[in-house]
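Commentary on secondary and tertiary structure
If you want the building blocks of each chain, they are given just below.
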Amino acid sequence: MSLSKLSSIIVRRKYIPAATTAFNFGSMKYFNTNNILCAKLAQEKKPDWNRAVSEAEKIVGYPTSFLSLRWLLSDEIANVALHLRKLVGSNHPLLKTAKNLLYNGKNNMQAWGLIVLLVSKAAGHSADIPDLEQDKAAGVLHSQRALAEVTEMIRTSHLVHKGLVNLQPSSADASGDMMFGNKIALLSGDYLLSNSCAELANLRNQDLVELMSSAVRDLAEAEFVGPRDKQNNPLPARPRSDIVEYKQFTDKTLEPLVVSEALGNARAEWTLRHVLNAGSLLGKSCQGTLKLAGHPIELQEQGYLFGKHLALAWQACLDREPFLPGTSGPFSLICAPLMFTLQHDPDLYQEIERGQETVDDVDYETIRKSVFAGPGLELTKKLQKEHSTAALEVLNQLPTSDARTALANIIAAMQDL
């Protein structure tokens, strides 16, 4: 892209005229509309997913930071790509992971760096940030762009590590393609994670390091929640009859979540799993980018809530896809429609128990019919709307700008998926 084209897509921030209310955080002023302007704009335009992401990329200057030339053309990534070719023809899950990472569609969340940059631009920064630290063309700080890269590297390393296969001693392929694929997955994930740690340390912000470290802890803990089959594929916990409200999700973001209290409670267990697996990282990245910009703690905490609710709304949207008309085949056994259905009909759990050895033993079509017959899909749709609305409420505390509208458009586009 030429400099002239790049400059033409960078739009200056426009603040709300007249019909707004203003409130102060310390020395910085923020605006809140009486009506939800972003949601209204998004609904009027009715953006599809690809257009919403494409327009958002233009606002921050260029596409998602991690998939950039300096990473794709590095010697280490080139070596990984060379070794991946040796796995072609095998059934190692690392190949599927690599394909999903490069697939620029609605089914993955490789737009996380983009979300962090949009939040950065929408919130702005304090007046005492040195000019040298500012990327004035894109409207964000250089440290914020580095944090967006760190977020994507952590997320990607986690997905790559999840591609490891638990090889059994009696497996005939224990020393063949599967073992080789495991080595590549382990080393590639470690390489990305170590680089993310180095990038994070270079920002020289101890509070931010502690915050992002707790997000990595949550990602690791997500792999040990609830029952699992022998390949570490997650299974839902047995539904409980004594449902109690689980309120810990809005507590201090650095504290570990209490797992045992949520298991067996469909809504709480689903939320716990996906806060640990996704919401924590995106929420703390949004919180961290506001910290780098010098915003007060109150707004930083709102940034965490925005990222968390956006990730959960996104997950609820993805959980509905395997149950669209005409779909077939396996799906996640911890998806919201199934977990809500299990809560409604605990006898269905005997189908889940067939997957204790491997999830391949589960009769997915029988479970799919039960989900269609139960309240799970409707409750999932309601869950998605709740988290989308919560994210929009936080978003509307920021000044009106193209970045804020782009985030609202992304949320609106999820409603149509």
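Treat the numbers as computed from the prediction; the structure is a model and nothing was measured. (Residues numbered from 1 in each chain as written. Predicted model: local features only at pLDDT ≥ 70, side-chain atom pairs only at ≥ 80, totals over all residues. Heavy atoms only, no water.)

1. A word on the overall build of the protein chain
Of the regular secondary structure elements, the protein chain holds 17 helices and four strands. Sorting the 417 residues of the protein chain into buried and exposed places 52% on the buried side. When contacts within the protein chain are restricted to residue pairs at least 6 apart in sequence, long-range pairs at least 24 apart make up 76% of them. Per element, the accessible surface of the protein chain, about 20000 Å² overall, is 55% carbon and sulfur. (Helix = DSSP H or I, 4+ residues; strand = E, 2+ residues; numbered from the N terminus. Buried < 20%, exposed > 50% of the residue type's maximum accessible area, 1.4 Å probe, protein only. Contact = heavy atoms within 4.5 Å. Areas by Shrake-Rupley, 256 points an atom, 1.4 Å probe, with all protein chains shown as cover.)

2. Considerations on the nonpolar core
Ile115, Leu118, Leu282 and Phe306 are the most contacted members of the largest nonpolar core, which has 53 residues in total. At the level of elements, helix H3 (49-59), helix H7 (112-123), helix H8 (142-161), helix H10 (206-222), helix H11 (266-292), helix H12 (297-320), helix H16 (376-395) and helix H17 (402-415) are the ones that each hand at least two residues to this core. Setting aside its immediate chain neighbours within four residues, Ile115 contacts Leu282, Cys286, Phe306, Leu310, Leu407 and Ile410. If you look at the next biggest cluster of nonpolar residues, it comprises 19 residues, including Val259, Ala262, Ala266 and Ala268. (Core = buried A, V, L, I, M, F, W, Y, C linked by side-chain atoms within 4.5 Å.)

3. Structural notes on the side chain of Thr156
Secondary-structure assignment places Thr156 in helix H8. A distance of 2.7 Å separates the side chain of Thr156 from the backbone oxygen of Glu152, its partner in a polar contact. (Polar contact = N/O pair within 3.5 Å; in protein donor to acceptor, adjacent residues only side chain to side chain.)

4. Examining the environment of Asn166
Of note, Asn166 is situated in the loop between H8 and helix H9 (177-202). When the C-alpha positions of Asn166 and Met178 are compared, they lie 9.3 Å apart, and in sequence the two are 12 residues distant. Excluding its chain neighbours within four sequence positions, the residues that come into contact with Asn166 are Lys230, Gln231 and Asn232. From its side chain, Asn166 meets the backbone oxygen of Lys230 in a polar contact 3.1 Å long.

5. Quick word on the packing of helix H13 (residues 336-344) against helix H15 (residues 364-373)
Their axes nearest at 9 Å, the elements H13 and H15 cross at an angle of 75°. The angle between H13 and H15 places the two elements in the roughly perpendicular class. Contact with H13, carried on its side by Pro337, Leu338 and Thr341, involves Ile367, Ser370 and Val371 of H15 and no other residues of that element. (Axes fitted to C-alpha atoms, helices over the stretch in contact; angles between N-to-C directions. Parallel < 35°, antiparallel > 145°, perpendicular 65-115°, else oblique.)

6. Some details on H7
Relative to the 16 Å expected for 12 residues at 1.5 Å per residue, H7 spans 17 Å between its end C-alpha atoms, a close match to the ideal helical length. Along H7, 12 of the 12 residues are buried, which leaves the element largely enclosed by surrounding structure. All of the buried residues along H7 are Trp112, Gly113, Leu114, Ile115, Val116, Leu117, Leu118, Val119, Ser120, Lys121, Ala122 and Ala123. Directly after H7, the chain includes Gly124, whose backbone phi takes a positive value near 70°. (Expected span 1.5 Å × (residues − 1).)

7. A closer look at unusual backbone geometry
The phi dihedral of Arg204 is positive, around 55°, even though this residue is not glycine. If you trace the backbone, Arg204 turns up in the loop between H9 and H10. Here Arg204 falls in the exposed class, since its relative accessible area comes to 78%. With phi around 70°, Asn232 is a residue other than glycine that occupies positive phi space.

8. Details of the packing of H8 against H11
Running from N to C, H8 and H11 cross one another at 165°; their axes reach a closest spacing of 9 Å. By the angle between their directions, the pair H8 and H11 is classed as roughly antiparallel. Considering how the two elements wind past one another, H8 and H11 form a crossing that is right-handed. In contact with Ser143, Gln144, Leu147, Thr151, Ile154, Arg155 and His158 of H8, H11 contributes Asn277, Leu281, Ser285, Gly288, Thr289 and Leu292. Residue composition of the contact of H8 with H11, grouped by class: four nonpolar, eight polar and one charged. (Left-handed = near helix turned anticlockwise from the far one by under 90°. Nonpolar A, V, L, I, M, F, W, Y, C, P; charged D, E, K, R; others polar.)

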